[in-house]
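What follows is each chain in one-letter form.
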Amino acid sequence: MIEHGPQKTAIMLDVNGLTQYVEIEPRRTLLDTLRIDLGLTGAKLVCNMGNCGACTVLVDGVAVYSCLTLAIECEGKRITTIEGLSEEGSLHPLQQAFVQHDALQCGFCTPGQVLAAHALLERNPQPTEAEVVEGMSGNLCRCGAYRGIVEAVLTAAKEQAVTSKPGSGKTA
Amino acid sequence: MQPFIHIDIASAEEVIPLLDARTRPLAGGTDMLPLMKEGIVAPERLINLKRATNLRYIRVADDGLHIGALTTLDDLERHPDVRRDYTALAQASALAASPQLRNMATIGGNILQQVRCWYYRGDFHCWLKGGDLCHARDGRNEYHAIVEQSPCVAVYPSDPPAALIALDARLRIIGPQGERLVSVAEFLQPPTAQRRSLHGLGPNELIIEVHVPKSAAPAQRSIYLKAMDRATWAYALVSVAVTAEVAADVLRNVRIVVGAVANTPMRATTAEALIEGQSLTEELIREAGRAAVADAAPLEHNGYKLPLTRNLVGQALRDLRGSSS
Amino acid sequence: MPKVIKTTINVEGRVSEKFAIVEGVELPPWGENEELGIVGYPTPRIDGAARVSGEARYTYDVQLNGMVYARMVRAKAVSAMIGRVDVAKAKAVRGVLEIMTPENAPEIKMGSDQTHLLSSEVRFAGQPIAVVVALDPYVAADAAALIEVHYEERPFVADPEAALAEDAVKVQANKPNNLLNGKPRIKERGDIQAGFAEAEVVAEVRVTTPTALHNAFETHGCVAHWEGDQLTIYESTQHAFGVREFAAKKLELPLSKVRAVGTYMGGGFGAKFPGNAYTIIAATLAKRLRRPVHLMYDREGENLEAGNRGRTIQRVKLGAKRDGTLTAIEYNGISEGGAAMSWIPMLEGPASMMYRCPNFRSETTGVLTNLGPMAAFRAPGFVEGMVGLEAAMDELAAKVDMDPLELRRKNIPDTDQLDDKPFSSFPVAECYRRGAAAIGWERRNQRDQATAAQSNGRYRRGIGMSSQIWWGGGGPPAYAEMLLNSDGTATVMTGTQDLGTGTRTILAQVAAEELGLPLEHVNVTVGDTLQGPFGPGSGGSITTGSMTPAVRSAANDLRNNLCDIVAQMRDVPQEEIEIRGGVIYRRDEELASVKDVMGKLGDVMLTGTGSRGPNPDDVSVVTSGVQFAEVEVDTVTGQVKVLKIVAAHDSGRIMNPQTFNSQIYGGIIQGLGLALTEQRVVDTGRGAVLNPNLEFYKVPTVADVPEIENILIDIPDVKANSTGAKGAGEPGIIPTAAAIANAVANALGVRIADLPITPGRVLEALERESS
């Protein structure tokens, strides 16, 4: 049995492959820890109640709402935020697909959308359009970039299939 | 959100001595944290159950399905045996909330979800919170009950429990006196003046497992339908779970459970009796639908739930009849 | 040589005469068949990478050294005078730095009715009454919960129809009644009585539209930061220069000491114009505390206070000849404004403009209630008014036994009926033709015969349509500057803003096109009053029509300067020099690359300045179009599923088809929400908004979105401005709800007159049908 709080307590988090230390109260959400304490402002605070998806991050590869996740419960887990998706300054293929298909307008929901899409494709690399719609239904977009989002995810899936199987890629 | 002490435990057994009115267990957090953020509950200590890994499992056994209380709705909707043999449960899980919430929310927590009534969740000291008045009765009640069970007219919000009742599921609950088994149907109760909650869980008890008995009949089928006012990610306007043994157009051992019409999911026993063993004609289907709402008395803004319940019960029966092969 | 001009500007129907200073020679417009190489081609947005990577810094994301967090405390009472505010317990919370209440707030008057920064008079639940500043947002929330407010409560009215009654409680005590300006706005042309006397057929409808909440994903708010006597305001705004002006005026600072920054913002939809108390509150607190103050609304505050599209109650009466020719339009609309309202949305706009009719009369009433105040919301008035007008047009079509599209074609206006001027361009017939072909409109009329046969099935399908009219030509003042750097890259600097509409990208396209550089050599800075000259507020769909000519003019100026330099350096006649793709030619002979020329010159910088020229006097500049909707109604669940929307809109020259599509899609999806799922729910007896959240205020999800086909009309409006482009932000939302409502009426055979068309309303309509 391990007891923390209610005062601040030091915890260690693995965020985007880097070890981070923060001193937080147990009540602090992962979202606020990422944004305020670690300066990783890609995940957005929009509803703070699990009703929109803009705070989506990956915890051990699973898409969760970081506004409903306590940071203290993420010790020992792998946290991936949008800042951890692009490698060495170049966009992840999913991010490129979002740009190519104009799958965004204001962009405030976009980091959450991209990470939800990432989790979806990890689990189902070749989704149908209906599966993409279902898989992306936990991320609202007030600007209405949904058509582009679905196209971007389908395109990224297709490209992933081509690149992951060299030589077997059929061109349309 | 009020500050609290956070406690990690390694197994469910450690929890019981710790629990009391001010010390609450935390599973998926998808309901507990919003309730805490709104200040509706303010526990001084939260016990994190998620490191008790022995509570997340789906076991298929001779006597049916054993589901650990920390099993997520996502686990349930994806499990091939659940999908095949306990279809309504998989459907109800898949129709709940959003993918991320289903990744987080556990079946134990889902059964205990508090009402989504906007007065309860808002700044109103309503009857269910210990006040004197149910504000929804004379206020805006489009999402509320059409069957009166208590002074509160909020409806029970969760999807999977209606399916669990139709499937005759039981809960294994541990407490200071040891373990007890209770059917989901008995566990979910309308609130009373003394117990302002929608279930019969004691303050120092914990749900550890859901057991869904295996049907003796190989032709047992089940279905869950849910009406929403958006394509997805909404609480049910009305939902219906039905289980039955299906042979051609005859349904036997029928159980019809209607969700989001009362404080608890409701068995539609008159409708069940009407169609039991009968050749399921369109006329009989309509009659069953009418029987399902015979006792209903809508409020000012939710009259639509009458036709919706009738229609949805009828549709579920039609779909089940069509599923015989 | 700068010139002072006077020109007419129309923003959302509010016409004003403005002075503007115009520099240089007005460029001849790009012609209809101008050969352009960058403008008009699908172009991924140049800030896309920043937005998909989390690198784009929104106001909410600003973090500064020593920054502290402010939280609004909001009234629980609906109408009250605030007595004592007890902050002792809140102040004692460790980490709390300051609490502002009506008692210690500076005496600065705000808004149209001159209330204080924090008023002690509460007119709606959710009104800010105190502000807590703390080291951490959690601490600020803890303290906010401990503030005790003593109210002297008063009666209130939270229903627009009840507020109209003579003996109704007054929302603003000093006004004679609850009507804005004391009376309805009346507009007339011709002779309405003669028009109805002439009519052979009359159709009348009553419709209502719900209060819609913007729910921009980034809430309202700002970060205020003082460095000495210089104030920087980071604000999620649709008008950076407006924020600067507002802050300077209220805080009595010289404009030169105030900087406003809004480089990225998470949606505005009309509600994020300057003039908000929080800007001044944050600046005041930051000065008191000598620390930057972060003051962002939470979702509930956003939905209670930051604006809404007010509920409407509309009656529309049409008179026509048997052949469908309109003879009279009478429009009556009530628009709920909440506790504060400074203008009435132009509900009567569609009825007065969309179809030719010599006899017109409208009464439009803005009514106050004790609820959160309205704000502009994407084509305010027109979205709502189109629902009423187009419902009436469909009813009329049925009465004269005419195809609804044919009826509309028959009544296409020849002029702008508001000012009798001819349109600069009005290709609505072309929109009808192409849209009708794409949706398969002829199926609608065949369906009428098939309805009986279909009526026993579970699903019923229907097709509906609605026209669109709106402004969007923009106008001066709007300025841009350009820099040509020593490596041959260019920077466009202007104080306009990119709300997510794609402004940066089209400005880069225009600059690259005019200057002859490859697109990737052009960067654009917007949304910072220290990094570019004045740009107008991004509302009324005016940004494209205002800014693209200004940037073109700056690029042209820069190009001329560059040619001048090259002419001197290479001793060639300037008029023979051309720049294409970053390379300088003398006719077809390659002279050098822009990069080489600039590199050779070393540490120099060429500049260009440009401005938007005046609007034409003799024509009216509008956008027009149509949308068709096909729906499927599930008679079991009552749910309406939109299967397809076809859109065909004239926005003049389409600068970037990709972001143009996104704008139209976005409008359609918000319009779909208004038609089917979105409504603010109010317990009028308690004056309470029950769904100031994203759980029960239901914005459409990805699964609600139909197939959308957006037809590019793409006819440059060469009389409008030098790029021939007009706005697309608002046109897309105007016809959607009207088209969906008409499609549902077509599917069901009865009209559901109240939006949103929820499953409950559909089921109730079906019950009435079967009984």
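Residues numbered from 1 in each chain as written. Chains lettered and ligands numbered in written order. Predicted model: local features only at pLDDT ≥ 70, side-chain atom pairs only at ≥ 80, totals over all residues. Heavy atoms only, no water.

Peer 1: In this structure, what is going on with unusual backbone geometry? I would like to understand it.
Peer 2: As a rule of thumb, non-glycine residues mostly have phi less than zero, and peptide bonds are mostly trans rather than cis. The peptide bond linking Gly5(A) to Pro6(A) adopts the cis configuration, its omega dihedral lying at 5°. When you line up the elements, Pro6(A) lands in the loop between strand S1 (2-4) and strand S2 (9-15). Pro476(C) connects to Pro477(C) through a cis peptide bond whose omega is -5°. At Asn16(A), a position not held by glycine, the phi torsion is positive, near 55°. Tracing the sequence through the fold places Asn16(A) in the loop between S2 and strand S3 (18-24). When its relative accessible area of 26% is taken as the criterion, Asn16(A) is described as partly exposed. Unusually for a residue other than glycine, Asp401(C) sits at a positive phi of about 55°. (Helix = DSSP H or I, 4+ residues; strand = E, 2+ residues; numbered from the N terminus. Buried < 20%, exposed > 50% of the residue type's maximum accessible area, 1.4 Å probe, protein only.)

Peer 1: Hey, could you run me through the pattern of salt bridges in this one?
Peer 2: Side chains that carry opposite charge are capable of pairing whenever their charged atoms lie near each other. Taken as a whole and assessed by the stated rule, the structure comprises 83 salt bridges over all chains. Glu148(C) serves as the salt-bridge partner of Lys89(C), at 2.7 Å between the closest nitrogen and oxygen. With a gap of 59 residues between them, Lys89(C) in helix H2 (residues 88-91) and Glu148(C) in strand S10 (residues 148-153) connect regions that are remote in the sequence. Here Asp588(C) and Arg580(C) are joined by a salt bridge, their closest N and O atoms 3.9 Å apart. Taking relative accessible area as the criterion, Asp588(C) reaches 68% and is therefore assigned exposed. Of the residues examined, Arg580(C) reaches a relative accessible area of 35% and is grouped as partly exposed. Each of the salt bridges in this network shares a partner with another, and the network as a whole consists of Glu282(B), Glu283(B), Arg286(B), Arg290(B), Arg318(B) and Arg321(B). (Salt bridge = Lys/Arg side-chain N within 4 Å of Asp/Glu carboxyl O.)

Peer 1: Please clarify how the packing of helix H14 (residues 503-515) of chain C against helix H15 (residues 543-570) of chain C should be interpreted in this entry.
Peer 2: Each pair of packed helices can be described by the angle between their axes along with the distance between the axes. All names here are of chain C. With their axes 8 Å apart at the nearest point, H14 and H15 run at an angle of 35° to one another. Crossing of H14 over H15 shows right-handed handedness. Residues Thr-503, Ile-506, Leu-507, Val-510, Ala-511, Glu-514 and Leu-515 of H14 lie in contact with H15, whose contacting residues are Thr-543, Thr-544, Met-547, Thr-548, Val-551, Arg-552, Ala-555, Asn-556, Leu-558 and Arg-559. Broken down by class, the residue content of the contact of H14 with H15 amounts to nine nonpolar, five polar and three charged. (Axes fitted to C-alpha atoms, helices over the stretch in contact; angles between N-to-C directions. Left-handed = near helix turned anticlockwise from the far one by under 90°. Contact = heavy atoms within 4.5 Å. Nonpolar A, V, L, I, M, F, W, Y, C, P; charged D, E, K, R; others polar.)

Peer 1: Please explain the packing of aromatic side chains as it appears in this structure.
Peer 2: Here the distance between the centres and the angle between the planes together describe a pair of aromatic rings. What the rule picks out here adds up to 14 aromatic pairs over all chains. Ring geometry for Tyr143(B) and Phe696(C): centres 5.1 Å apart, planes at 40°, overall tilted. With Tyr143(B) in the loop between helix H7 (118-121) and helix H8 (160-166) and Phe696(C) in the loop between strand S33 (688-689) and strand S34 (707-712), this pair bridges two chains. There is no split in this pair, since Tyr143(B) and Phe696(C) are both buried. What links up through ring pairs into an aromatic cluster is the set Phe108(A), Tyr58(C) and Tyr264(C). Over the ring of Tyr120(B) we find Lys129(B), and its NZ or CZ is 5.7 Å from the ring centre. (Phe/Tyr/Trp six-rings, centres within 6.5 Å; stacked < 30°, edge-to-face > 60°. Lys NZ or Arg CZ within 6 Å of the ring centre and 35° of its normal.)

Peer 1: Quick question: what am I supposed to make of the interface of chain C and chain B here?
Peer 2: Quoted interface sizes are often the accessible area lost when the parts come together. Facing 27 residues of chain C, the contacting portion of chain B comprises 29 residues. On the surface where chain C and chain B come into contact, there are five salt bridges. Between Lys698(C) and Asp229(B) there is a salt bridge; the shortest N-O distance is 2.9 Å. Every element with two or more residues in the side of chain C that touches chain B is listed here: strand S32 (682-683) and helix H19 (759-770) of chain C. Considering each element in turn, the side of chain C that touches chain B owes the most residues, five residues, to H19(C).

Peer 1: Mind showing me how you'd approach the interface of chain C and chain A here?
Peer 2: In this complex, chain C contributes 55 residues to the contact, which on the side of chain A involves 44 residues. Sorting the residues of chain C by area buried against chain A places Val52(C), Tyr138(C) and Phe217(C) first, and these three jointly supply 21% of that buried surface. Seen at the junction of chain C and chain A, the total is six salt bridges. Of the charged contacts, one joins Arg27(A) and Asp142(C) as a salt bridge, the two residues approaching to 2.6 Å between their closest N and O atoms. One can count 25 residue pairs in polar contact (both at pLDDT 80 or more) joining chain C with chain A. Looking at the side of chain C that touches chain A, the elements with two or more residues in it are helix H1 (48-52), helix H3 (137-146), helix H17 (657-676) and S34 of chain C. A per-element tally of the side of chain C that touches chain A places H17(C) first, with eight residues. (Buried area = accessible area lost by both parts, 1.4 Å probe. Polar contact = N/O pair within 3.5 Å; in protein donor to acceptor, adjacent residues only side chain to side chain.)

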